[in-house]
Each structure stands twice: as C-alpha cells, then as structure tokens.
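Residues per chain, in single letters:
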Amino acid sequence: MSRTPRLPSTLLRVAACTSVAALALTACGSGSGSGSTSSGSGTVKVGLITKTDTNPFFVKMKEGAEKAAKENGAQLMTAAGKFDGDNAGQVTAIENMVAAGVKGILITPSDSKAIVPAIAKAKAKGVLVIALDTPTEPESAVDALFATDNLKAGELIGEYAKAAMKGKSAKIATLDLAPGVSVGVQRHNGFLKGFGAAEKDVACAQDTGGDQAKGQTAMENCLQKEPGINLVYTINEPAALGAYTALKAKGREKDVLIVSVDGGCTGTQAVKDGKIAATSQQYPLKMAAQGVKAVVTYAKDGKKASGYTDTGVTLITDKAQTGVTSKDTAFGLENCWG
C-alpha cells in the first residue's frame, strides 16, 4: 500500500509504528491523502488487529480500513498475529495501540475467549472496541460486532446442496475449521440446518484449519473411510480446492458436489471453473470500512456503535437451483470480498 507521510506527523507515526512493529506482527501505517496522517488534536486514531496479515481475507479487510481512514481523515494503525491463534500477539497489539492513543480498535479475535480481558482493559480506558468477522465469547465483551451472519452463510449452501442433489441420497463429508472456533461452528451448523441433516448423517468430519493442503489430506482420509461420499461441505474455499484436488486424483471430481463459504476472488473463480458448485460470499472490506466510520463517529460525538451489524452474504453459483436465491459468478467476481 502507498504511504504519503506529512512532516508534522512523521515522529508521531514512527513512534507508534515502532511500538507495534516491536511485536514482530505486521506493519503500522495510515492511509495516504489529505488529513489522513495529521498529528493535530482533531485526528482520530483507529487500530486494526487481524488474525494474520497473509490471509487474503484479512488483506482485503486492511484495504477497506485504509480506504475508509483516508476518506474520513483518520490515522490507521495495524497489527496482526504471527499465526491464526496468536492470542498473545493480539493482546500486546491492543496494549500498544491503547498506549498510542487510539480512539477505537477493530479486531478479528484469534481466541474469542482469551482476548476478552485485554478488551475489557481497553474499554476501561475509553477505547471503543469492535469485533470484525469473528464474535468474542461472550459477544457482549465488545461494544459492537460487524460480521457476516455465518449461520445464514452455512444455511444458504446447505439449501443449495439439498436442491442440487435432487433427491439423491447424500453421503456427506464436512471439512471444518478447528474445534470450538465460533465461525467454524456456525457455518457447519448452518450447513446441516439448511440441508435438513443432523450430525449423525455426516459420514466423515475432518478439521482443516481452513488450509488447502490440510483440506486435501482431510478429503483423502474421508474417501478412505467412506469411498461413496458424494457431497462435501468445506469451511472455506482453500479447503474446498484441497478437496477438489483429492477428488480429481481419484477421478471423482465430476460426481461429488462441493459447497463452501467465503466468496473470495480465487474461490469465486473456482466456482466459475466448475471446481466448486456454490459458495456463500461475505464482505470483509465492508466490515472494516463500517468499523472505521463507527470509530470516527464515536470520536466526534461520543456515539458508540452497539450490537450486531450484519454485513451481508450472497450465494454465488452458475448452476442456479429452483427456490434458492443466488447470483452468478459475474456478480461474484465483481464484488468478491468487497
């Protein structure tokens, strides 16, 4: 991302970035453009802490925050965990951002429970804390949540899969995230609800961490356990592409239905290419942009965002099914993670 520093704020920004960079997490900066890096008392500092800085989902989220910060004359500080699950890194990032004087922090918690005490300390100092994408446990630990309705995202692909199977008996494999992660649990449960199935109907369940290589291994394990699997639910599209690779190696890619969640550009292209039948598209850029605006509003008039804001989900497929609302991949590619 481009950076256009202004001399009056150079020392302030360097000090803030050095503080966060000391975590060895990710870069710290602000959007370029008029007013976005001013060190004047009227400048609002906003913190963004993601699970990692390499996952394309969080890269897009950061883009949305940077753009919104520039448009709203705010200064953005960013940090990320070294890996998905790096709670200690996120705790340190919160502490450093509070010390640097942020008015609000946007966070995708790596550990929804363990991060709560650090959030409570930030709130006690008057910092607005908004969770993006992943709710804390309890959800009330933050001031507000801007996220996809993950249960609904799962339901959409479950309903689609039920219609696409056209009455055929389903032998289901679920390639999940990791035990106890709220996003993964909600998507999984939503899929089963939408399909009209229960846990007992799942022939094989494997955790993948949302990783493509692990998704491939999980699919290989499931095919060994139950060769007749004909429907695969995956937590995200990397896991789906891993499953597709394993199925293709067995010559099964044409007769197994794969459905997923996320709707990133690569995943939507995989739907267009016929590797994935359908995916539920979510919008991380919108989550971050709305979060930045909420912090700026709080800084200016003291009005706090509260409760849950649904940032939307759309079923994407080129093989529409009767009774299931969807958009095609042309729409999906135009709006992927927007």
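Residues numbered from 1 in each chain as written. Predicted model: local features only at pLDDT ≥ 70, side-chain atom pairs only at ≥ 80, totals over all residues. Heavy atoms only, no water.

Enquirer: Mind showing me how you'd approach the overall build of the chain here?
Expert: Along the chain, the regular secondary structure elements total eleven helices and twelve strands. With 338 residues in all, the chain has 54% of them scored as buried. The long-range fraction of contacts in the chain, counting pairs at least 24 apart against all pairs at least 6 apart in sequence, stands at 75%. When the accessible surface of the chain is totalled, it reaches about 14100 Å², and 52% of it is carbon and sulfur. (Helix = DSSP H or I, 4+ residues; strand = E, 2+ residues; numbered from the N terminus. Buried < 20%, exposed > 50% of the residue type's maximum accessible area, 1.4 Å probe, protein only. Contact = heavy atoms within 4.5 Å. Areas by Shrake-Rupley, 256 points an atom, 1.4 Å probe, with all protein chains shown as cover.)

Enquirer: I'm lost on the environment of Lys 303 in this one. Help?
Expert: Structurally, Lys 303 can be placed in the loop between helix H10 (284-301) and strand S11 (307-310). Dropping the residues within four chain positions of it, Lys 303 is found in contact with Thr 297 and Tyr 298.

Enquirer: Mind showing me how you'd approach the sheet that holds strand S9 (residues 257-262) here?
Expert: Paired through backbone hydrogen bonds, the strands of a sheet run either parallel or antiparallel to each other. Strand order in the open sheet made by the six strands is S7-S6-S8-S9-S10-S12, with mixed pairing throughout. The outermost strands of the open sheet, each flanked by one partner alone, are strand S7 (202-207) and strand S12 (314-316). Shown here is a sheet whose adjacent strand axes are inclined to one another by a mean of 15°, direction ignored. Across three bridges, strand S8 (residues 231-234) lies against S9 in parallel orientation. (Pairing = 2+ DSSP bridges. Axes fitted to C-alpha atoms, helices over the stretch in contact; angles between N-to-C directions.)

Enquirer: What is the right way to look at the confidence of the model for the chain in this model?
Expert: Atom-level detail of predicted coordinates should not be read off regions where pLDDT is low. Confidence along the chain averages 89 in pLDDT terms, with 88% of residues attaining 70 or more. Note on residues 1-40: pLDDT is under 50 here. Beyond four places in sequence and across chains, it has 84 contacts. (pLDDT = per-residue confidence, 0-100.)

Enquirer: Help me understand the side chain of Asn 230, please; the structure alone is not making it clear to me.
Expert: Looking at the secondary structure, you find Asn 230 in the loop between helix H7 (212-225) and S8. At a separation of 3.0 Å, a polar atom in the side chain of Asn 230 contacts the main-chain carbonyl oxygen of Ser 169. Residues within four places of Asn 230 in sequence aside, it is in contact with Met 165, Lys 168, Ser 169, Ala 170, Lys 171, Arg 252, Asp 255, Val 256 and Leu 257. (Polar contact = N/O pair within 3.5 Å; in protein donor to acceptor, adjacent residues only side chain to side chain.)

Enquirer: How should I be thinking about the pattern of salt bridges in this particular structure?
Expert: According to the stated counting rule, one finds eight salt bridges in the structure shown. The salt bridge involving Asp 201 is made with Lys 200; its shortest N-O contact spans 3.4 Å. Between Arg 252 and Asp 255 there is a salt bridge, with the nearest N and O atoms lying 2.8 Å from each other. Overall, Asp 255 belongs to the partly exposed group, its relative accessible area being 43%. (Salt bridge = Lys/Arg side-chain N within 4 Å of Asp/Glu carboxyl O.)

Enquirer: Is there a simple way to explain the sheet that holds strand S1 (residues 44-50) in this structure?
Expert: The sheet built from six strands is open, its strands ordered S2-S1-S3-S4-S5-S11 with parallel pairing. At either margin of the open sheet sits one strand with a lone partner, and together these are strand S2 (74-80) and S11. Strand-to-strand twist in this sheet, taken as the mean axis angle between neighbours without regard to direction, amounts to 20°. Here three bridges tie strand S4 (residues 128-132) to strand S5 (residues 144-147), and the two strands are oriented parallel to one another. Paired with Ala 131 across the bridge in S5 is Leu 145. The strands touched by helix H3 (residues 87-99) within the sheet are S1, S2 and strand S3 (104-107), with S1 carrying the most contacts at an inclination of about 175°.

Enquirer: Before we go on, may I ask you to explain H3 in this structure?
Expert: Three- or four-residue spacings in an α-helix give side chains the same orientation, since the helix completes a turn every 3.6 residues. The terminal C-alpha atoms of H3, which comprises 13 residues, lie 19 Å apart, in line with the 18 Å expected from a rise of 1.5 Å per residue. Note on H3: the residue one or two positions beyond its end, Gly 101, has a positive phi of about 90°. (Expected span 1.5 Å × (residues − 1).)

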